[in-house]
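# Breakdown of the fold
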Amino acid sequence: MSQEKKNTVVGLLSRALHRIRATPPRIIASPATQPRRAAVAIVIRVVPSSAAPPIPSDEPLPTLGQFFDLDWVKDPAARTELLFLRRDGSPSDVVPGHINTPKTSLAGDTGTRGKNKAEEHLAFPGGRMEEGDEGGLYTAMRQTWEEIGLDLAERDFTCIGQLDDREITTSLGKRLLMILSPFVFLQLTPHALSTDPADGTTIHWMPLETLISAVLPEQVGQKNSRGRWSTVTADAASRLTPRHAAILKILVRVLIGSMQFPAIVLDLPDPEVHPSNVGSPELLPSSASYHALTQDVLEKGIPSDKVAPGQRKKPSKRDQLKLWGLSLGMTLDLMANMVPEPSHTQQAAGQPLPSLQLPFHPVGGEGMRIDAVAPSLASVFPRFSYPDVNFWIWVFGKRYREVVRGWEASIREGGSNDRRLNWAGTVLNNFYAAVRKALIVVIVLRAIGVLCGLVFAGWWLLA
């Protein structure tokens, strides 16, 4: 594979998918006390250029290697996209079985302050494993069909493989909720497929180039859409206190403030208009390509990528979403496979490991290469709004820093024990332990300060 191909978005995707297919995932067995599991589907497609010639629908399906050698896939004007969902409404209004569990751990996507649409839950299709499911792969495919009507069992799709399992816990990692298994799917055909999303669910196909440019900017060059990093503010009180304890929430909010999670800002494309909404599949363009069916397409027949630059509406906050939490972590896991493997020379010389370029570091982890060993973990470690909370996390974070350094050393030595040990779970458990200790110290010091203030005020009044 040529270097030129490697430096394109399609080339980076090819490297990632081949690596995922060749690498066994780290499987976490469910403990007897909590057998609950869940699975999600990470669905990828390549949209042919509007200038591509019609592609017959009866062509034999390519293998993974043959797919990336197809002309319409290698076309520089082709667009690679990743499927996300936005679930609107309260938890009772959305699809049963999805993973947006209230008070999900610090890695979760709940508990944002206010009703900001840009910080709503952006997720992959999926949900909990039910009785009768044959495994995580079956769960991911079933949930995708139930949520958006996309049948991943059709010949158009192939399952590339599975990313590492991850533990989903309650706030501060005190109790395991479930084990989550992400599965990666690739659409092998260029033809538009109908979908039927459930009520309250909106489908968004996001350009993979935008996501890659945020973590590997030198690989995609100067393009029209650049990924921008931002933060999402989450209410710590909503995660650490009972749901209906209003007074306790206020007290915790005053004592420890809020949490900030890193996020990638995504310019929101128009919601996908499905063939079932605009007519039969025969009414789609003859090339059956995946053009976004925007108002310009429907009214004027103009492909969205041909709209004059002066006519494009500048994105507002309402036209943007933020990818963060669990969804960002799994996306970073996917893109981490696009990074070149460290050479033997780099490993022997102790040179920095190649990694995604993340503009943030976890609290207490300054100087560590957690972006090289597990970039998805860096996305779930919050930074608190009060500096003293972050300071105490650093004070108590010695153990989790040692685990990260041990993980990095394992990778440098060839990763012989990398797949055998649950490094990610160990890091998270030690980080959560540091956070719990830090919060206890902060609350005690705040209480002592208030008590001293009251004593001094009483002494001054009585003196």
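Residues numbered from 1 in each chain as written. Predicted model: local features only at pLDDT ≥ 70, side-chain atom pairs only at ≥ 80, totals over all residues. Heavy atoms only, no water.

For the chain, an unreviewed UniProt entry supplies the name Nudix hydrolase domain-containing protein and the organism Paxillus rubicundulus Ve08.2h10.

## Comments concerning the UniProt feature "transmembrane region" (unreviewed entry) in the chain
UniProt marks residues 438–462 with the feature "transmembrane region" (unreviewed entry), using the numbering shown here. A helix fraction of 100% and a strand fraction of 0% characterise residues 438–462, whose end C-alpha atoms lie 36 Å from each other. (UniProt positions renumbered as here; feature names shortened; annotations may be inferred. Helix = DSSP H or I, 4+ residues; strand = E, 2+ residues; numbered from the N terminus.)

## Considering the pairing of strand β10 (residues 259–267)
Counting buried residues in β10 gives 7 out of 9 residues, a clear majority hidden from the surface. Pairing of strand β9 (residues 228–234) with β10 involves 7 bridges; the strand directions are antiparallel. Within β10, the position partnered with Ala 234 by the bridge is Met 259. Pairing geometry for β10 and strand β12 (residues 383–384), over 2 bridges, is antiparallel. When the bridges of β12 are listed, Met 259 appears paired with Phe 384. Note that β10 and strand β11 (residues 320–324) share 5 bridges and pair antiparallel. Within the sheet, the bridge partner assigned to Ile 264 lies in β11 and is Leu 323. (Buried < 20%, exposed > 50% of the residue type's maximum accessible area, 1.4 Å probe, protein only. Pairing = 2+ DSSP bridges.)

## Looking at the pattern of salt bridges
The full count for this structure, using the stated rule, is 13 salt bridges. Here Glu 81 ties to Arg 79 by a salt bridge, and the two come within 2.6 Å at their closest N and O atoms. Under the relative-accessibility criterion, Arg 79 is labelled partly exposed at 26%. Glu 146 serves as the salt-bridge partner of Arg 142, at 3.2 Å between the closest nitrogen and oxygen. Within this pair, Arg 142 and its partner Glu 146 are both found in helix α5 (residues 136–148), separated by 4 residues, close to a single helical turn. Here Arg 142 falls in the buried class, since its relative accessible area comes to 12%. Each member of the salt-bridge network shares a partner with another, and the members are Glu 130, Asp 133, Arg 142 and Glu 146. (Salt bridge = Lys/Arg side-chain N within 4 Å of Asp/Glu carboxyl O.)

## Considerations on the environment of Thr 189
You can see Thr 189 is positioned in the loop between β7 (176–187) and β8 (201–207). For Thr 189, a relative accessible area of 7% gives the class buried. Beyond its immediate sequence surroundings of up to four residues, Thr 189 is in contact with Leu 61, Trp 72 and Asp 156. One polar contact links Thr 189 to Asp 156, side chain to side chain, over a distance of 2.8 Å. (Contact = heavy atoms within 4.5 Å. Polar contact = N/O pair within 3.5 Å; in protein donor to acceptor, adjacent residues only side chain to side chain.)

## Regarding the environment of Pro 359
As for its placement among the helices and strands, Pro 359 is situated in the loop between α13 (344–349) and α14 (370–373). Look at Pro 359 and you get exposed, because its relative accessible area is 55%. Along the backbone, Pro 359 and Trp 229 are 130 residues apart, and their C-alpha atoms lie at a distance of 7.8 Å.

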